[in-house]
Amino acid sequence: MPQPNDPDLNDLMSIPDPFAASPSALADAKPNPEWWPASPTRSRMRLRRWVGFTSAVAMEAILVYGMGWRDQNPLSSWVFVAGIAIPFVSAAVLVALATREKFHLRVSLAWVLPAAFVAFAALTLASHGNGDSAFASIAACLVATTLFTAGPATIGLATLRHSFAIGASWRTAAISMAAGLTGVAAIRMHCANDAFAHVLIGHGNALVLVVVLMLTLGTRITRA
Amino acid sequence: MTTAWLTGATAFEPQGPRSAQVTFASMRISRIQHSLAAAVVRFEWRRASHVVKKHVQAFAAPPSMSREDKPPGALPTATAPPKQVDATASSLSLDHLMNRYASGDASAFAPLYELLAPRLYTFLLRLSGRSHIAQDLLQEAFLRIHRARGTFSGGSALLPWSYAIARHVFIDFARHSKVRGTPTNSAAATTTSLPIPDETSLPATADTAPDARLHAQQTLDLVNRTLAELPLTQREAFVLLRFEGLTVAEAAQILDTTEGNVKVRAHRAYEALRAALRDTGE
């Protein structure tokens, strides 16, 4: 008889099992996997993840190229490089964490996410602050950042569909956060408006939006 | 006794379990020395450390519990693993089979199904309350395991992973049933009484007379009905800990929550069941 490994739960054993002697005719119902649709093996899944991540980054590069590189108000070199590198590296770390099976995801996310956010906020505050905080520009950038974010998020969903048996919502949140950070980094290469309110609301809100959307809709797709 | 102590001649003679342990330990030590010497002579330092580790583990391992150590009055479980050692061995074998299947070895599916299906079936049966629903859900669960096999990483445990998939299958089924308006494991769905328990399924202390069997059946029916009326969060925590024999950590992993939360849910379920049994004088 199984015993819980916790003394608090010893009382549970006093409840009898209604299905202890349940008949099982499972041998007759054994499914044949050859009739099922082909499923990716472990090596194929690993390849699929790499292809997904690379294509998400490539998609962002193409979008930035298509929408145009920022030509006004160039940032100082270290702010510019860090403002792009930190979100990209954070995104890569988040994807790596989310797709690892043996990792205490919740603990790592509790450290990684605030760290990424603080880094992003610090860089935003450290920027030149030139530009306007008009509602129209904020709204336009919110739409553009959402577009930048939608690509990696969609690729992430397609790549990682039916992948997470345990901790699906946390992992999906990590993937969506990675997609959001990639979008934020990409919009920084396109948008030359560095006003604090513009960057925080226009660029940052897309990140929140994608996380909320992915948590409500995406979890059902990524869940195994 | 006194002379033996004074002369010391018979101090190491086998006189009971204690001296047997000493002899056994000395035999082990000599075996370790042999293995170490052989390994060192061949300059296989890695093997030498492996030998030390293996024997240290063998010394540290507690003796396995015999069947006679089972507490009196313990309730039987036909489907759950009877011994911790067996469960561990079975679990290791399951992990190995799943690793093979995840790597693309289709021949691993049949033994994997034979080992895993009974556990998932009883889990789904306890959640759904009906055998034909549990069988359908089991098919769906295995389809999903097949679909997600590439995401099962090597070195991780299969049981929490597969239980989590089975749980998702049941949650999806419950959602669809709610939309369609068909009962899942409501009290109405479980009014069909359970099969009359035979001697093997009765508590060890119970009488096997017909009235005792009827009484036992009524108790099991009541437990099943009360379990069906519990919120799903409490029911699944209780089922995983009490009937499936998982640890609190494993249950927390499957239910995607904290260990404390699992304990609270299971305890609330226990209190509800206890109250129901008390009301009927159990």
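Residues numbered from 1 in each chain as written. Chains lettered and ligands numbered in written order. Predicted model: local features only at pLDDT ≥ 70, side-chain atom pairs only at ≥ 80, totals over all residues. Heavy atoms only, no water.

A. Expanded view of empty space enclosed by the protein. Residues and elements named next belong to chain A. Following the criterion strictly, the structure yields two cavities of 30 Å³ or more and no others. The calculated volume of the largest cavity comes to roughly 200 Å³. F53, A56, V95, P152 and G156 are, among the 16 residues lining the largest cavity, the residues nearest its centre. Of all the secondary-structure elements, those providing two or more residues to the lining of the largest cavity are α1 (42-67), α2 (77-98), α4 (135-159) and α5 (168-190). (1 Å grid on protein atoms, 1.4 Å probe; cavity = no way out; pocket = protein on both sides within 12 Å on 5 of 7 lines; lining within 4 Å. Points joined across faces, edges and corners; volume = space filled by probe spheres on them. Helix = DSSP H or I, 4+ residues; strand = E, 2+ residues; numbered from the N terminus.)

B. Summary view of the packing of aromatic side chains. Residues and elements named next belong to chain B. Going through the model one piece at a time under the given rule, you end up with eight aromatic pairs over all chains. Between the aromatic rings of F238 and F243, the centroid separation amounts to 5.5 Å while the plane-to-plane angle is 85°, which identifies the pairing as edge-to-face. Assigned by exposure class, F238 and F243 land together as buried. Ring-pair connections join several aromatic residues into one group, and the members of that group are Y101, F109, Y113 and F142. The ring of Y101 is capped by R149, whose NZ or CZ atom sits 4.7 Å from the centre of that ring. (Phe/Tyr/Trp six-rings, centres within 6.5 Å; stacked < 30°, edge-to-face > 60°. Buried < 20%, exposed > 50% of the residue type's maximum accessible area, 1.4 Å probe, protein only. Lys NZ or Arg CZ within 6 Å of the ring centre and 35° of its normal.)

C. Layout of the environment of A206(A). Residue and element names in this part refer to chain A. Relative to the assigned elements, A206 resides in helix α6 (residues 196-222). Along the backbone, A206 and F148 are 58 residues apart, and their C-alpha atoms lie at a distance of 9.1 Å. What A206 contacts, discounting residues up to four positions off in sequence, is L142, T145, T146 and T149. (Contact = heavy atoms within 4.5 Å.)

D. Local environment of helix α8 (residues 210-229) of chain B. With 20 residues, α8(B) extends 29 Å between its outermost C-alpha atoms, agreeing within 8% with the 28 Å of an ideal straight helix rising 1.5 Å per residue. Where α8(B) is buried, its residues contact α9 (232-243) and α11 (259-279) of chain B. (Expected span 1.5 Å × (residues − 1).)

E. Layout of unusual backbone geometry. Of note in the backbone geometry, H162(A) takes a positive phi value of approximately 55° without being a glycine. Mapped onto the elements, H162(A) comes out in the loop between α4 and α5. Residue classification places H162(A) among the partly exposed residues on the basis of a relative accessible area of 24%. One non-glycine residue, D256(B), adopts positive backbone phi at about 60°. Its place among the elements puts D256(B) in the loop between α10 (248-255) and α11.

F. View of the packing of α4(A) against α6(A). Residue and element names in this part refer to chain A. Remark: α4 packs on α6, axes separated minimally by 8 Å, with the N-to-C direction vectors making an angle of 30°. Once α4 is placed against α6, the crossing between them reads as right-handed. Split into classes, the residues belonging to the contact of α4 with α6 amount to 12 nonpolar, 10 polar and no charged. (Axes fitted to C-alpha atoms, helices over the stretch in contact; angles between N-to-C directions. Left-handed = near helix turned anticlockwise from the far one by under 90°. Nonpolar A, V, L, I, M, F, W, Y, C, P; charged D, E, K, R; others polar.)

G. Representation of the confidence of the model for chain B within the structure. All names here are of chain B. Residues of chain B with pLDDT of at least 70 account for 56%, and the chain-wide mean is 69. By mean pLDDT, the top-scoring element of chain B is helix α6 (residues 131-147) (91), and the lowest-scoring one is helix α1 (residues 2-7) (38). Long-range and interchain partners of residues 35-85, a stretch whose pLDDT sits below 50, account for 53 contacts in this model, where long-range means more than four residues apart. Counted against residues more than four places away or in other chains, residues 186-199, with its pLDDT under 50, gives 28 contacts. (pLDDT = per-residue confidence, 0-100.)

H. Representation of the state of the cysteines within the structure. Residue and element names in this part refer to chain A. Taken as a whole, this structure holds zero disulfides over all chains when the rule is applied. Of all cysteine sulfurs in the structure, the one in C191 sits closest to C141, which takes part in no disulfide; the separation is 3.4 Å. A relative accessible area of 9% means that C141 is categorised as buried. Taking the relative accessible area as the measure of exposure, C191 reaches 10% and is therefore buried. (Disulfide = S-S within 2.5 Å.)

I. Representation of the nonpolar core. With 65 residues, the main nonpolar core has F142(B), W161(B) and F238(B) as its most contacted residues. Sorting the residues of this core by element identifies α4 (84-102), α5 (109-128), α6, α7 (158-180), α8, α9, α10 and α11 of chain B as the ones contributing at least two each. Element by element, the count of residues in this core is highest for α5(B), at 11 residues. Ranked by size, the runner-up nonpolar core spans 19 residues in total, among them A98(A), A153(A), L157(A) and V211(A). (Core = buried A, V, L, I, M, F, W, Y, C linked by side-chain atoms within 4.5 Å.)

J. Local environment of the pattern of salt bridges. Taken as a whole and assessed by the stated rule, the structure comprises seven salt bridges over all chains. With a shortest N-O distance of 2.7 Å, R126(B) and E244(B) are connected by a salt bridge. In this pair, R126(B) is assigned in helix α5 and E244(B) in the loop between α9 and α10, connecting sequence segments 118 residues apart. Take R126(B) and E244(B): they sit in the same class, and that class is buried. Measuring nitrogen to oxygen at the nearest pair gives 3.0 Å for the salt bridge that ties E236(B) to R167(B). Placement of E236(B) in helix α9 and of R167(B) in helix α7 is noted, with a sequence separation of 69 residues between them. The exposure classification of E236(B) matches that of R167(B), with both residues buried. Each of R223(A), E140(B), R144(B), D172(B) and R175(B) takes part in one network of salt bridges that share partners. (Salt bridge = Lys/Arg side-chain N within 4 Å of Asp/Glu carboxyl O.)

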